[in-house]
Amino acid sequence: METAAGNLYKEKIIRGFCHLYSGQEACCVGMEAAIRKSDAVITAYRAHGWTYIRGVPPVKVLSELTGRRTGCAKGKGGSMHMYCDNFYGGNGIVGAQVPVGAGIAFALKYQNTDNVCLTLYGDGAANQGQIFEALNMAKLWDLPCIFICENNKYGMGTSVERASACTDYYTRGDYVPGIWVDGMDVLAVREATRWAAEYCRSGKGPVVMEVETYRYHGHSMSDPGTSYRSRDEIQEVRQLRDPITTFKEKIISANLVSAEEIKKMDVDIRKEIDAAVKEAKAAPEPEVEEMYNDIYCQPPEGFTVRGCSPFDVHASK
């Protein structure tokens, strides 16, 4: 799906921002395997993988990326703003989703559920003050929140060593316990998330989890990703630590699946993605009037929105 998104961007069918998740697949797959559908997730703008794993089919993701009416956010959200049940995005402002995630966890506790909220952010956001404010409130009220730093080694074009005095992000919680996880190992991510979720559900409060991972592409599609790191570095990670390849080798060597079955899965998935790309390209764009809708969940009757001038008013629903 991400390869298709990259190709659509190069064809100028996807416009604006496009942040690919390639290389970080073990993070969302492992975490989703350890939580419930009733648990909440909120992440930053590298959200395509999370949108899919939370339940949105590839065609809806690709339709959203291409700005089509059939997208999961009606073509109005794009790469950074996708949502579904108990998935709160997709947020475009660096770090801003972290206090929101603490608020979601507060709501879950207030409603007397035993659900948890996974609040993800990148190493580039990890030095922001709002992260520590959210950690303080979460521990003060023992909120069921797992604060997850997806450390892919680079905040835009700046390495973690150049940006952070302390790169052990799992220790940053101080009074909140932390755990380091190999984010390229889907099984390690699953088991760590399972432990963290049980810890939160038991009423002990929040946890900080650092998943050390790697992104193959640039920060976004406009970044070639090779001006601040070497091609050899990227290739080495692909060859030695790729989360998909290493997991495939594990399950084949354990006789859980055959190489032929894996090949068939690859063929079937490629067919599904090709069909999704074709459908997304053919879908209509949203009408201009749609830009005035969905401002409020339940807009009052007769609610209108001002346009570009005080005399330009539009109905909103």
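Reference entry: report on the structure contained in this document. It should be emphasised that the depicted structure is a prediction, and the values quoted were computed from it without experimental measurement.

### Re the layout of surface pockets
Taken as a whole, the largest pocket spans an internal volume of roughly 1,600 Å³. Lining the largest pocket are 35 residues, with M1, E25, I244, D266 and I269 sitting closest to its centre. Counting residues per element, the ones that place at least two in the lining of the largest pocket are α1 (2–10), α2 (25–32), α3 (48–53), α10 (243–253) and α11 (259–282). Counting residues per element, the lining of the largest pocket draws most heavily on α11, which supplies nine residues. Residues belonging to the lining of the largest pocket are distributed by class as follows: 20 nonpolar, six polar and nine charged. One number sums up the size of the second largest pocket: a volume of about 300 Å³. If you go around the second largest pocket, you meet 21 residues; those closest to its centre are Y45, R46, G122, D123 and G124. Of all the secondary-structure elements, those providing two or more residues to the lining of the second largest pocket are β2 (117–122) and β4 (154–155). In terms of residues, the lining of the second largest pocket owes the most to one element, β2, which gives three residues.

### So, the packing of α2 against helix α8 (residues 186–201)
The relative placement of two packed helices is expressed as an angle between their axes plus a distance between the axes. Running from N to C, α2 and α8 cross one another at 40°; their axes reach a closest spacing of 7 Å. When the axis of α2 is compared with that of α8, the two are oblique. For α2 against α8, the interelement crossing comes out right-handed. Facing A26, C27, V29, G30 and M31 of α2, the residues of α8 in contact are V186, V189, R190 and T193. Here the residues of the contact of α2 with α8 sort into six nonpolar, two polar and one charged.

### Points about the side chain of E290
Relative to the assigned elements, E290 resides in the loop between α11 and β8 (304–306). Look at E290 and you get buried, because its relative accessible area is 19%. When neighbours within four sequence positions are excluded, E290 is seen to be in contact with K74 and K76.

### What about the nonpolar core?
In globular proteins that are soluble, nonpolar side chains generally tend to be buried together. Counting 24 residues, the largest nonpolar core has M31, W50, L118, I146, I148 and M209 as the members making the most contacts within it. For this core, the elements supplying multiple residues, two or more each, are α2, β2, β3 (145–151), α8 and β7 (207–212). Looking at which element gives the most residues to this core, the answer is α8, with six residues. For I146, the residues in contact, after removing those within four places along its chain, are C117, L118, T119, T193, A196, A197, C200, V207 and M209. Grouped together as the second largest cluster of nonpolar side chains are 23 residues, I42, V98, A126 and C149 included.

### Topic: unusual backbone geometry
Look at K74: it is not a glycine, yet its phi comes out positive at around 60°. Considering the arrangement of structural elements, one finds K74 in the loop between α4 (58–65) and α5 (97–110). Since its relative accessible area comes to 36%, K74 is described here as partly exposed. The residue D142 is not glycine, and still its phi comes out positive at about 50°. Along the chain, the position of D142 falls in the loop between α6 (129–140) and β3.

### Considerations on a nonpolar patch on the surface
On the surface, a cluster of nonpolar side chains totalling about 580 Å² of accessible area is made up of F106, Y110, M137, L140 and W141. Elements that contribute at least two residues to the nonpolar patch include exactly α5 and α6. Of note, F106 is situated in helix α5. For F106, a relative accessible area of 38% gives the class partly exposed.

### Considerations on the packing of aromatic side chains
Scanning the entire structure with this criterion turns up six aromatic pairs. Geometrically, the ring pair formed by Y154 and Y228 is tilted, given 5.3 Å between the ring centres and 50° between the ring planes. Of this pair, Y154 sits in strand β4 while Y228 sits in the loop between β7 and α9 (231–241), and the two are 74 residues apart along the sequence. On the accessibility criterion, Y154 (9% relative accessible area) is buried. Residues W195 and Y199 carry aromatic rings whose centres are separated by 5.5 Å and whose planes lie at 35° to one another, so their mutual orientation is tilted. Of the two residues, W195 and Y199 are both situated in helix α8; the distance of four residues between them amounts to about one turn of the helix. Classification of W195 as partly exposed rests on a relative accessible area of 40%. Above the face of the Y216 ring, R238 is positioned so that its terminal group lies 4.1 Å from the ring centre.

### Looking at the side chain of S164
By secondary structure assignment, the location of S164 is in the loop between α7 (160–163) and β6 (178–182). Residue classification places S164 among the buried residues on the basis of a relative accessible area of 6%. Residues within four places of S164 in sequence aside, it is in contact with N127, Y169 and R172.

Parameters at a glance
Residues numbered from 1 in each chain as written. Predicted model: local features only at pLDDT ≥ 70, side-chain atom pairs only at ≥ 80, totals over all residues. Heavy atoms only, no water. 1 Å grid on protein atoms, 1.4 Å probe; cavity = no way out; pocket = protein on both sides within 12 Å on 5 of 7 lines; lining within 4 Å. Points joined across faces, edges and corners; volume = space filled by probe spheres on them. Helix = DSSP H or I, 4+ residues; strand = E, 2+ residues; numbered from the N terminus. Nonpolar A, V, L, I, M, F, W, Y, C, P; charged D, E, K, R; others polar. Axes fitted to C-alpha atoms, helices over the stretch in contact; angles between N-to-C directions. Parallel < 35°, antiparallel > 145°, perpendicular 65-115°, else oblique. Left-handed = near helix turned anticlockwise from the far one by under 90°. Contact = heavy atoms within 4.5 Å. Buried < 20%, exposed > 50% of the residue type's maximum accessible area, 1.4 Å probe, protein only. Core = buried A, V, L, I, M, F, W, Y, C linked by side-chain atoms within 4.5 Å. Patch = residues over 30% accessible without salt bridge, like charges linked within 9 Å, V, L, I, M, F, W, Y side chains within 5 Å. Areas by Shrake-Rupley, 256 points an atom, 1.4 Å probe, with all protein chains shown as cover. Salt bridge = Lys/Arg side-chain N within 4 Å of Asp/Glu carboxyl O. Phe/Tyr/Trp six-rings, centres within 6.5 Å; stacked < 30°, edge-to-face > 60°. Lys NZ or Arg CZ within 6 Å of the ring centre and 35° of its normal.

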